[in-house]
Amino acid sequence: MDAALAGLASTQRVNFRDFMSIVEESNLDLAAQRDNVAIAQAQLTAARVYEDPSFQAGYGGDVSHNRQVTSYSGGISQTVLLGGKITARSFVANSGVNINVAQTTDFVRSLKRQAADAFVDAITAALLVERRQKGLLRAQQLVVFNAARVMSDDIRQGELLRSRVAALQARDEIIKAQSLFQQSLVQMAVLVGDRWHGDLFYPVGNLDIATREFNIEDLVKHALSSRADINAAFYSLEQARAQYNLVEANRVPDVSVGIAYNHFTRVTNPIDPSPAWDWLGVTLSIPIPLSNLNRGELAGARYTELQAQKALKSIRLKAELEVRSSYERYVLAVDSVEQYAKELVRDSDSLYKAKLYTLQQGKTSLLDVLDAYNTINDVYLGYYAALNEQAKALVALETAAGIWDLNF
């Protein structure tokens, strides 16, 4: 695939597994997703905070100047949370941590598929450039061959012109293929995030890999037991249940307990004198929970829990269908590659060589050779498309099943 490097920016060679490691370490979207876990952990810490005590102080003085009592007061009160509110809040927040961890894991699963598809597309594009260059070489050989025949008056100028047109078309196809290859490398660069410093990553790999054998029922079982999106849905159900418990806990009224102290100064009023004295009291405040007559929040929490149950069932069903459809896609893709590899590619090469030989012997026309030339190009393009589909189908299947042991 070295020929595909022509005209490109400086590149850094990378194999599949190294590229996947770089993406997982440096992708910016994944880095942002991981921050959600830290945020959820901070919210869990915050959920355990207890109510702060309150301090009150006061002063009362005689503004009528009748030498009445002056009072100094102070007190402290504490709200006591009842009904297990702190525990319920912690359960909700802890479920949030689990959800974000699972969602981050599922993000990695999806990102791996995206990165693998980009790597496969880049290898396919490089193969296309290489094929187009071989096609141009063959077209140029026809031009040289026909030019010699024109010089010896074996053919007319028209056939030489046709071969030159074919060479120009082949050159145009190379430009298009190089542009597609450049775009595929840019897509790879986008995925590497912080590791991209202007150089493009050049994929080194092989799409013509051995056929894999899978047991579809084992794949379904593994997907349902390990996929992170299913785990995230399970933790969402767990959080909905915890939220319902929190709503119930919040319906239990809290009490406030306080201690108050007052100091009264000596009264020197001649009509009603009194000595200085101190007062100490304890207060207890209990709200009357008339708002509990409204059960809207409780009903909403219950319906949220039921909704989460349905969402979990839906995700499990979709995961199973995704595995089964991906499996069928992979089986068909394998059949297509085998058909190209065993029959069409070999036969098209033989056809072109035979047509070229008969042209050299003067037993066939240039149009027949050009037709064979176009046929072999179309066959190889179809073969590369089949290889691309087989690789992507395998990526989709392993992603759907929640396994990952790929290498290209």
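Now for a look at the structure at hand. (Residues numbered from 1 in each chain as written. Predicted model: local features only at pLDDT ≥ 70, side-chain atom pairs only at ≥ 80, totals over all residues. Heavy atoms only, no water.)

### What about the overall build of the protein chain?
Summing up its helical and strand segments, the protein chain has eight helices and six strands in all. Seen in sequence order, the protein chain has helices and strands lined up from the N terminus as β-α-α-β-β-α-α-β-α-α-β-β-α-α. When each of the 408 residues of the protein chain is scored for burial, the buried share is 39%. For the protein chain, the share of sequence-separated contacts (at least 6 apart) that also reach a separation of at least 24 residues comes to 81%. About 22,600 Å² of surface is accessible on the protein chain, with carbon and sulfur atoms providing 54% of the total. (Helix = DSSP H or I, 4+ residues; strand = E, 2+ residues; numbered from the N terminus. Buried < 20%, exposed > 50% of the residue type's maximum accessible area, 1.4 Å probe, protein only. Contact = heavy atoms within 4.5 Å. Areas by Shrake-Rupley, 256 points an atom, 1.4 Å probe, with all protein chains shown as cover.)

### Concerning the pattern of salt bridges
Per the counting criterion, the structure on display carries 16 salt bridges. We note a salt bridge from D106 to R109, for which the minimum N-O separation is 2.8 Å. With D106 and R109 both in helix α3 (residues 85-151) and three residues apart, this pair spans about one turn of that helix. Here D106 falls in the buried class, since its relative accessible area comes to 17%. Accessibility expressed as a relative area gives 17% for R109, which makes it buried. Where E130 meets K134, a salt bridge forms, and the shortest distance between an N and an O atom there is 3.9 Å. (Salt bridge = Lys/Arg side-chain N within 4 Å of Asp/Glu carboxyl O.)

### Things to note about the sheet that holds strand β5 (residues 255-264)
Taken in spatial order, the four strands line up as β2-β3-β5-β6 in an open sheet, and their pairing is antiparallel. Single-partner strands in this sheet number two, and they are β2 (54-60) and β6 (277-285). Averaged over all adjacent pairs, the angle separating strand axes in this sheet is 15°, with direction ignored. Across ten bridges, the pairing between strand β3 (residues 71-80) and β5 is antiparallel. Looking at the pairing, G75 lines up with A260 of β5. (Pairing = 2+ DSSP bridges. Axes fitted to C-alpha atoms, helices over the stretch in contact; angles between N-to-C directions.)

### A few points about a nonpolar patch on the surface
Together, F55, I76, V257, I259, Y261, L280, V282, L284 and I286 give the surface a local cluster of nonpolar side chains, amounting to about 960 Å² of exposed area. Secondary structure elements with two or more residues in the nonpolar patch: β5 and β6. Among the secondary structure elements, L284 is positioned in strand β6. Classification of L284 by relative accessible area gives exposed; the value is 60%. (Patch = residues over 30% accessible without salt bridge, like charges linked within 9 Å, V, L, I, M, F, W, Y side chains within 5 Å.)

### Concerning the pairing of strand β4 (residues 200-204)
Among the five residues of β4, four are classified as buried, and the element is accordingly described as predominantly covered. Pairing analysis gives five bridges linking strand β1 (residues 11-15) to β4, with the strands arranged parallel. Opposite R13, over in β4, you have Y202 as the bridge partner.

### Looking at the packing of aromatic side chains
A full pass over the atoms with the stated rule returns ten aromatic pairs. Relative to F408, the ring of F16 has its centre 5.1 Å away and its plane inclined at 90°; by these criteria the two rings are edge-to-face. On the criterion of sequence distance, the pair formed by F16 in helix α1 (residues 16-26) and F408 in the segment after α8 (366-401) is long-range, its members being 392 residues apart. F408 sits in the buried class, given a relative accessible area of 9%. Relative to W277, the ring of F264 has its centre 4.3 Å away and its plane inclined at 15°; by these criteria the two rings are stacked. Linking F264 in strand β5 with W277 in strand β6, this pair joins segments that are 13 residues apart in sequence. What makes F264 buried here is its relative accessible area of 17%. (Phe/Tyr/Trp six-rings, centres within 6.5 Å; stacked < 30°, edge-to-face > 60°.)

### Side note on the nonpolar core
Counting residues in hydrophobic clusters, the biggest one holds 60 residues, and the most contacted among them are F19, M188 and F408. Looking at this core, the elements with two or more residues in it are α1, α3, α4 (157-192), β4, α5 (216-226), α7 (296-360) and α8. Sequence-distant contacts of F19, defined by excluding residues within four places in its chain, comprise V14, A115, F119, M188, L191 and V192. Grouped together as the second largest cluster of nonpolar side chains are seven residues, A233, L237, A240 and A308 included. (Core = buried A, V, L, I, M, F, W, Y, C linked by side-chain atoms within 4.5 Å.)

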